[in-house]
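So you can see what is in the structure, the chains are spelled out below.
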Amino acid sequence: MEGRVATGPPERPAGVRQQRKRQTRQALLGAARRVLERRGMGGLTTREVAAEAGVAAGTFFVHFPDLNTLVETLLDEHVGQALDRALRTLSDDGDLVARLVHVAAELYASYDREPELSRQYISASLFHHHPDGPAERRMAEFREWVSGEFARAAEAGAVPPLDPLLGFTSYFSLYFGVLVAGLRGELDREAQLAVLDAALRRLVGGGGPGGGGRAAREGRTA
């Protein structure tokens, strides 16, 4: 029986194709970072990113539906790395506020390392709502963790009962407002953490670092 004659290039194994796809995606993300650093959001185009990455212009849309999703992905990677560092170094001994401030401190530090890129990331993704996008998934995970912290602290009697979702919303609002103030140069790191700590302790009814509560405050001022 005669053998079959190949009529085209050999097909790459699925594992190789997936690896090349991941490499191209990472090349596009790296290219976008460089373009953002040089030209800002006003100079960021799909064609510019593709050219910087050394791929065809249409390849961009194989990996990202639009520029905002790409920038959102950059922000997600940035935040994800910071959260991983924060949770790895989180002490089990801290009270609720100390734990929440510790996580915020690592996030603030990550933004401070690249302040201009951070402003670009946040401005591009702030009003870009993609239900299945990386920012939404990351926010859902973060919401679950913060809500769990509030719930556990309440169960232990360390703070008054507070709806966990309300706790998360209050925390995130404070965190984000302080973040923006830092990026605008209105607060340095020490001031950022002091403002966040004081506001959170007022929210949960605690005193200074380490606890205290209303009774302790009244005892000190009586």
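An unreviewed UniProt entry lists the chain under the name HTH tetR-type domain-containing protein, with Streptomyces thermolilacinus SPC6 as the source organism.

As a further point, take the packing of aromatic side chains. Scanning all chains against the criterion turns up ten aromatic pairs. Aromatic side chains Phe142 and Tyr171 sit 6.2 Å apart centroid to centroid with 55° between the ring planes, which places their arrangement in the tilted category. With a gap of 29 residues between them, Phe142 in helix α7 (residues 134-155) and Tyr171 in helix α8 (residues 164-183) connect regions that are remote in the sequence. By the burial criterion, Phe142 is buried, and Tyr171 matches it. By way of ring pairs, the aromatic residues Tyr108, Phe142, Trp145, Phe168, Tyr171, Phe172, Tyr175 and Phe176 are connected into one cluster.

On to the environment of Val49. Tracing the backbone shows Val49 in helix α2 (residues 46-53). Sequence separation between Val49 and Val35 is 14 residues, and the spatial gap between their C-alpha atoms is 6.9 Å. What Val49 contacts, discounting residues up to four positions off in sequence, is Leu28, Ala31, Ala32, Leu44, Phe60 and Leu70.

So, about helix α4 (residues 67-88). End to end, α4 covers 32 Å across 22 residues, agreeing with the expected 32 Å (1.5 Å per residue, within 8%). Looking at where α4 begins, the residue whose side-chain oxygen comes 3.3 Å from the main-chain nitrogen of Asn68 is Asp66.

Here we come to the UniProt feature "DNA-binding region" (unreviewed entry) in the chain. Listed under "DNA-binding region" (unreviewed entry) in the UniProt record, and renumbered for this structure, are residues 45-64. For the annotated span residues 45-64, helix accounts for 60% and strand for 0% of the residues, and the straight-line distance between the end C-alpha atoms is 12 Å.

Let's shift gears to the layout of surface pockets. Rolled over the atoms, a probe with the dimensions of a water molecule shows which regions are left empty. Taken as a whole, the second largest pocket encloses approximately 150 Å³ of empty space. Around the second largest pocket, the lining is made up of ten residues, and of these Arg33, Glu77, His78, Gln81 and Glu114 lie nearest the centre. Breaking the lining of the second largest pocket down by element, the ones donating at least two residues are α4 and α5 (96-113). Grouping the constituent residues of the lining of the second largest pocket by class yields two nonpolar, three polar and five charged.

This part takes up the nonpolar core. Counting residues in each nonpolar core, the largest one holds 31 residues, and the members touching the most others are Leu100, Val103, Leu107, Tyr111, Phe142, Val146 and Tyr171. When residues of this core are traced back to their parent elements, those giving at least two are α4, α5, α7, α8 and α9 (189-204). Once residues within four sequence positions are removed from consideration, Phe142 is found in contact with Leu83, Val103, Leu107, Phe168, Tyr171 and Phe172. Core analysis: the second largest hydrophobic core is formed by 16 residues, Leu28, Leu29, Leu36 and Val71 among them.

For the structure on display, the rule yields 14 salt bridges. Between Arg38 and Glu48 there is a salt bridge whose closest N-O contact spans 3.7 Å. With Arg38 in helix α1 (residues 14-39) and Glu48 in helix α2, this pair connects stretches of sequence that are ten residues apart. Look at Arg38 and you get partly exposed, because its relative accessible area is 48%. Across the pair Arg99 and Glu149 runs a salt bridge, and its minimum N-O distance is 2.6 Å. Here Arg99, found in helix α5, pairs with Glu149, found in helix α7; they are 50 residues apart in sequence, far enough to count as distant. Across the pair, Glu149 and Arg99 agree in class, each one buried. Among the charged side chains, a salt-bridge network with shared partners connects Arg34, Arg38, Arg39, Glu48 and Glu52.

If you trace the backbone, His63 turns up in helix α3 (residues 60-63). Residue class for His63 comes out buried when judged on its relative accessible area of 14%. The residues touching His63, leaving out its near neighbours within four places in the chain, are Lys21, Thr24, Arg25 and Leu28.

Reading guide: rules and limits
- Residues numbered from 1 in each chain as written.
- Predicted model: local features only at pLDDT ≥ 70, side-chain atom pairs only at ≥ 80, totals over all residues.
- Heavy atoms only, no water.
- Phe/Tyr/Trp six-rings, centres within 6.5 Å; stacked < 30°, edge-to-face > 60°.
- Helix = DSSP H or I, 4+ residues; strand = E, 2+ residues; numbered from the N terminus.
- Buried < 20%, exposed > 50% of the residue type's maximum accessible area, 1.4 Å probe, protein only.
- Contact = heavy atoms within 4.5 Å.
- Expected span 1.5 Å × (residues − 1).
- Polar contact = N/O pair within 3.5 Å; in protein donor to acceptor, adjacent residues only side chain to side chain.
- UniProt positions renumbered as here; feature names shortened; annotations may be inferred.
- 1 Å grid on protein atoms, 1.4 Å probe; cavity = no way out; pocket = protein on both sides within 12 Å on 5 of 7 lines; lining within 4 Å.
- Points joined across faces, edges and corners; volume = space filled by probe spheres on them.
- Nonpolar A, V, L, I, M, F, W, Y, C, P; charged D, E, K, R; others polar.
- Core = buried A, V, L, I, M, F, W, Y, C linked by side-chain atoms within 4.5 Å.
- Salt bridge = Lys/Arg side-chain N within 4 Å of Asp/Glu carboxyl O.

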